[in-house]
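Summary of structural features
Each chain, written out:
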Amino acid sequence: MEDKVKIKRMKEAADILSPILREISDASVEGVNLLELEDLAIQLCRQYKVKPAFKGYEGYPAALCLGVNDVVNHGIPYDYELKNGDILGIDMGVKYQSVYSDCAVTVTIGEVSDEVKKFLETTKQAVLNGIKQAKPGNTVGDIGYAMQTTVEKEGYSVVKEMVGHGVGYELHEEPYIPGYGRKGDGEKLYKGQTIAIEAIINQGRPEIKISRKDGWTASTKDGMLSALFEHTVVVDDNPRILTKW
Ligand code: MF3
Ligand code: CO
């Protein structure tokens with residue numbers, strides 16, 4: 001059922017999250033420490049009077065998931081100074097008036113090669129192509145199929161273990177929204193459904209490994225780059241993107 005109040009609040013939540021994420025992206029330059037970005041996120045949440053949604057979620061210890069280069073996602077901010085040529089995935093969620101919004105971008109630090117630029121552009125395009133399928137009557141598989149074909153065409157691969165999800169009164173709700181799939185497979189989408197569509201893409205092989213040290217940080221097995229982009233979206237004939245990059 002369409003929940004107008006929820007959607008209105010989620011738009012407000014997204015309108016807070018988007019500028020926060022923008023500020024963190026802008027602050028992500030050579031020489032900046034990941035711990036400073038985490039501090040900034042906490043400070044901005046205080047300023048905007050929202051709760052960082054990830055902190056404390058299943059024991060996750062931070063407001064941000066930060067992924068440098070081969071880190072896929074769920075990277076806990078640690079003592080690392082960004083350097084020229086790095087790419088940085090920034091994933092953040094907020095809770096505002098009992099609803100959640102979730103969004104992610106990958107930014108470049110200083111100069112990166114055309115190859116890296118193309119990789120990031122393709123990952124971004126994958127999410128946007130997925131979002132185009134977020135229409136009533138389409139299925140979760142239609143979204144995944146659109147994302148998968150977008151990236152595989154360029155020789156990249158979709159991470160299987162991490163997926164998009166419903167979002168609303170909880171950070172993670174049903175259904176799962178994989179970045180891969182087959183047309184017509186999986187659950188049907190309905191008008192007004194609120195979902196987080198995520199493209200989590202590896203430049204090389206799709207396999208990931210989870211840090212044995214912290215139990216969270218996921219990185220590519222082959223050491224190649226990984227990128228992610230995510231939006232909070234309302235299913236509609238004209239799919240509505242609530243968050244902004
Ligand atoms: N946006 C990611 C996701 O929805 C990050 C969640 S991090 C966690 O899976 F700490 F909250 F798990
Ligand atoms: Co998410």
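You'll find the structure just up there.
Values in this document were obtained by computation on a predicted structure and should not be read as measured data.

Approximately 450 Å³ is the volume found for the largest pocket. Residue lining of the largest pocket: 21 residues in total, with Tyr 57, His 74, Val 163, His 165 and His 172 positioned closest to the centre. For the lining of the largest pocket, the secondary-structure elements that each account for two or more residues are strand 7 (164-166) and strand 9 (194-202). Across the lining of the largest pocket, the residue classes tally to 10 nonpolar, 5 polar and 6 charged.

As a further point, take the coordination of the cobalt ion (ligand 2). Reference values for coordination geometry: four tetrahedral donors around a metal ideally subtend 109.5 degrees, six octahedral donors ideally subtend 90 or 180 degrees. Every protein donor of the cobalt ion (ligand 2) is listed here as Asp 102 (OD), His 165 (NE2), Glu 198 (OE) and Glu 230 (OE), and their distances to the metal cover 2.0 to 2.2 Å. Coordination at the cobalt ion (ligand 2) is irregular, judged from the 6 donor atoms that bind it and the angles of 65 to 170 degrees they form at the metal. Sequence positions of the residues that donate to the cobalt ion (ligand 2) give the spacing D-x62-H-x32-E-x31-E. Residue Glu 198 is located in strand 9, and its partner Glu 230 is located in strand 12 (residues 226-234); the two are separated by 32 residues in the primary sequence. On the basis of relative accessible area, Glu 230 is assigned to the buried category, the value being 0%.

Reading guide: rules and limits
Residues numbered from 1 in each chain as written. Chains lettered and ligands numbered in written order. Predicted model: local features only at pLDDT ≥ 70, side-chain atom pairs only at ≥ 80, totals over all residues. Heavy atoms only, no water. 1 Å grid on protein atoms, 1.4 Å probe; cavity = no way out; pocket = protein on both sides within 12 Å on 5 of 7 lines; lining within 4 Å. Points joined across faces, edges and corners; volume = space filled by probe spheres on them. Helix = DSSP H or I, 4+ residues; strand = E, 2+ residues; numbered from the N terminus. Nonpolar A, V, L, I, M, F, W, Y, C, P; charged D, E, K, R; others polar. Donors = N, O, S within 2.8 Å, 3.2 Å for Na, K, Ca; no water. Tetrahedral: all angles 85-135°; square planar, octahedral: opposite > 155°, others 65-115°. Buried < 20%, exposed > 50% of the residue type's maximum accessible area, 1.4 Å probe, protein only.

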